[in-house]
Amino acid sequence: MRITDVKCAVIGQNPVVRVVTDQGISGYGEVEAYKPYLKPHVLHLKQAIVGEDPTDVERVMLRIRRRGSFKPWGSAVSAIEMALWDIAGKAAGVPVYKLLGGKIRDRVRVYNGSVRFPMAGQSPDHYAENMQKMKEAKEGFTIIKQGVGFHSAMPARVPGFSYGEVRPQTHGFGGNRGLLTERGLKHVIACVEAMKDVLGDEVGLALDCGPGWTKADAIRFARAVEPLNLLWLEDLLTGDYTPYVDADVYRDLSMSTSTPIHTGEQIYLRQNFKELIERQAVGVVGPDPCDVGGIAELKWVAEYADLHSILMAPHGTGDGVLGMAALVQVCAALPENYIAFEYPTGNPAWWYDIVDGLPDPIVKGGFIDVWHQPGMGIDFNVKAAKQHLNEEDRDFFD
Ligand SMILES: [Mg+2]
């Protein structure tokens, strides 16, 4: 089998990759939302892989892996990797998890990072009210993640929150950093306590916190919430679109508190997790299969983390429906340091009408049953999907 073409269409908010072969099989991968600008990046990789056998996944990846970097520049390479596994599974007539070593669980736990309700404000009562809605969501999540601190509207909306400048931020542009005021720190802690009052010990709470905290504030905060038994504090120091890791500072933070510290969603490749893992700099890693370099790359990071007693909670909120399918396949095969992956939703909602193979409902009691169709297990309903193609992508399925 040979690769004959690599195509990319922006469908809704997500660039979608189609790797075409000479045997009538196509593989699909998806890039995280809000990145239409990555289409040319995907297409420029085509020249390097046309003519290769897509079922020799690693051999193809050796051709393109150096053309990626930290988020958002790992996406094109990652989406192509997913599409290759999709082809390999379809060609072999087996689900992708079989090619990754087989599943060790029949259902995968997910956590809520994308089923969201508008926040009416930034007070502890608002956080409690919002958490109540997420707790009652039909998916029955057993873990909920909420944004606080620099990963929320607090810096802009809570008067006197920090000593730093407040700058606008959207999708990786801008970003705030700085020392919190005592009032600001107390405000975050009060919001966390209010959310815990709602969840009790029935549903686990994780917090996405930054990036942008100073080490001193991060240590104070992590220590203050120790009695609340949080699952993790994510990206306090670096994260999101930060193009570096700062493993040494993460290690200082982790050694100062019993609250688990988490990072990794923006990190590209296993090599960039090496110091975090070997130095015990965090308690939980969270690579995103759409940014780390693909699903085999994510599995490698999970295995290496497990050797070092570090837990695994993959990121995924913007990965869309195809990204979710990839997460289901790989997470079925991860070692037992696996906690849960961040459940992505399809946006706009018509995404659920243009693919076949998804269970309904998808999430039951906070879990997804692992499906068994070949490849990633879901495929486009081409007739329905064509109606949502932009003019310039009209030949995507041809
Ligand atoms: Mg995050």
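Reading the values: rules and limits
- Residues numbered from 1 in each chain as written.
- Predicted model: local features only at pLDDT ≥ 70, side-chain atom pairs only at ≥ 80, totals over all residues.
- Helix = DSSP H or I, 4+ residues; strand = E, 2+ residues; numbered from the N terminus.
- Rg over C-alpha atoms; globule rule 2.2 N^0.38 Å.
- Buried ≥ 20, exposed ≤ 12 C-beta atoms within 10 Å, placed from the backbone.
- Contact = placed C-beta atoms within 7 Å.
- Pairing = 2+ DSSP bridges.
- Right-handed = clockwise from strand over helix to strand, strands pointing away.
- Axes fitted to C-alpha atoms, helices over the stretch in contact; angles between N-to-C directions.
- Domains from an automatic or database assignment.
- Nonpolar A, V, L, I, M, F, W, Y, C, P; charged D, E, K, R; others polar.
- Expected span 1.5 Å × (residues − 1).
- Left-handed = near helix turned anticlockwise from the far one by under 90°.
- Core = buried A, V, L, I, M, F, W, Y, C linked by C-beta atoms within 7 Å.

### Some thoughts on the overall build of the protein
- In terms of helices and strands, the protein carries 14 helices and 14 strands.
- Its C-alpha radius of gyration of 21 Å places the protein within 12% of the 21 Å reference for a compact globule of 398 residues.
- Principal-axis analysis of the C-alpha atoms gives the protein an extent of 65 × 40 × 40 Å.
- Counting every position in the protein, which comprises 398 residues, the buried fraction comes to 51%.
- Relative to all contacts within the protein whose residues are 6 or more apart in sequence, the contacts with residues 24 or more apart total 72%.

### Notes on the pairing of strand β6 (residues 204–208)
- Counting buried residues in β6 gives 4 out of 5 residues, a clear majority hidden from the surface.
- Here 5 bridges tie strand β5 (residues 143–147) to β6, and the two strands are oriented parallel to one another. Its bridge partner lying in β6, Lys-145 is registered against Ala-206.
- Between β6 and its parallel partner strand β7 (residues 232–234), the chain crosses via helix α9 (residues 215–224), and the hand of that crossover is right-handed.

### Quick word on the sheet that holds strand β3 (residues 26–30)
- In space, the 3 strands of this open sheet follow the order β1-β2-β3, with antiparallel pairing throughout. If you trace the sheet from one side to the other, it starts and ends with β1 (3–11) and β3, each paired once. With direction set aside, neighbouring strand axes in the sheet form an average angle of 20 degrees.
- Of the pairings in the sheet, the one linking β1 to strand β2 (residues 14–21) comprises 8 bridges and is antiparallel in character. Looking at β2, one finds that Cys-8 is bridged to Val-17.
- Packing of helix α4 (residues 75–92) onto the sheet brings it into contact with β1, β2 and β3, and relative to β3 it is tilted by some 145 degrees.
- Lying on the sheet, helix α13 (residues 320–332) is in contact with β2 and β3; it crosses β3 at an angle near 100 degrees.

### Some words on the domain arrangement of the protein
- By domain assignment, the protein separates into domain 1 (3–93 + 381–393) and domain 2 (98–380).
- When each unit is reduced to the centre of its C-alpha atoms, the spacing between domain 1 and domain 2 is 25 Å.
- Each partner contributes to the interface: domain 1 provides 38 residues, whereas domain 2 provides 34 residues.
- Going through the elements one at a time, β2, β3, α4 and α14 (382–386) are the ones with two or more residues in the side of domain 1 that touches domain 2.
- It is α4 that contributes the most residues to the side of domain 1 that touches domain 2, 12 residues altogether.
- Of the residues in the side of domain 1 that touches domain 2, the class split is 17 nonpolar, 14 polar and 7 charged.

### Topic: the environment of Ile-354
- Residue placement: Ile-354 occurs in the loop between β11 (341–343) and β12 (355–356).
- Residues Ile-354 and Lys-383, spaced 29 residues apart in sequence, show a C-alpha to C-alpha distance of 8.1 Å.
- In contact with Ile-354, not counting residues within four places along its chain, are Phe-380, Asn-381, Ala-384, Ala-385 and His-388.

### Some remarks on helix α12 (residues 295–307)
- Helix length check: α12 (13 residues) gives 19 Å between terminal C-alpha atoms against 18 Å at 1.5 Å per residue, within 8%.
- Directly beyond the C-terminal end of α12, a positive phi value near 60 degrees is found at Ser-309.

### Re the packing of helix α6 (residues 124–135) against helix α8 (residues 182–199)
- Orientation of α6 relative to α8, taken along the N-to-C sense of each, is 35 degrees, at an axis distance of 8 Å. Crossing geometry of α6 relative to α8 is assigned as right-handed. Here Pro-124, Asp-125, Tyr-127, Ala-128, Met-131, Gln-132 and Lys-135 of α6 lie close against α8, whose contacting residues are Ala-190, Cys-191, Ala-194, Met-195, Asp-197, Val-198 and Leu-199.
- Its residues assigned to classes, the contact of α6 with α8 comprises 10 nonpolar, 1 polar and 3 charged.

### Thoughts on the nonpolar core
- Counting residues in each nonpolar core, the largest one holds 114 residues, and the members touching the most others are Val-17, Ile-80 and Val-285.
- Shared between two domains, this core holds at least three residues of each, these being domain 1 (3–93 + 381–393) and domain 2 (98–380).
- Every residue in contact with Val-17, bar those within four places of it in the chain, is listed here: Val-6, Cys-8, Tyr-28, Gly-29, Val-42, Ala-79, Ile-80 and Ala-83.

### Structural notes on unusual backbone geometry
- Cis geometry is found at the peptide bond from Lys-71 to Pro-72, where omega equals 10 degrees.
- As for its placement among the helices and strands, Pro-72 is situated in the loop between α3 (57–64) and α4.
- Look at the link from Asp-360 to Pro-361: it is a cis peptide, with omega at 0 degrees.
- Among the secondary structure elements, Pro-361 is positioned in the loop between β12 and β13 (367–369).
- With phi around 55 degrees, Asn-229 is a residue other than glycine that occupies positive phi space.
- By the secondary structure assignment, Asn-229 is in the loop between α9 and β7.

### Looking at α13
- For α13, which comprises 13 residues, the first-to-last C-alpha distance of 18 Å matches the rise-based estimate of 18 Å (1.5 Å per residue) to within 8%.
- With respect to burial, α13 is a largely interior element, 13 of its 13 residues being buried.

### Brief notes about the pairing of β3
- Along β3, 5 of the 5 residues are buried, which leaves the element largely enclosed by surrounding structure.
- What you see with β3 is no split at all: Ser-26, Tyr-28 and Glu-30 on one side and Gly-27 and Gly-29 on the other are buried throughout.
- In this sheet, β3 lies alongside β2 in antiparallel orientation, the contact comprising 5 bridges. Along β3, the bridge assignment pairs Val-20 with Ser-26.
- Counted along the chain from β2 to the antiparallel partner β3, the turn is 4 residues long, and its residue Gly-24 has a positive phi close to 80 degrees.

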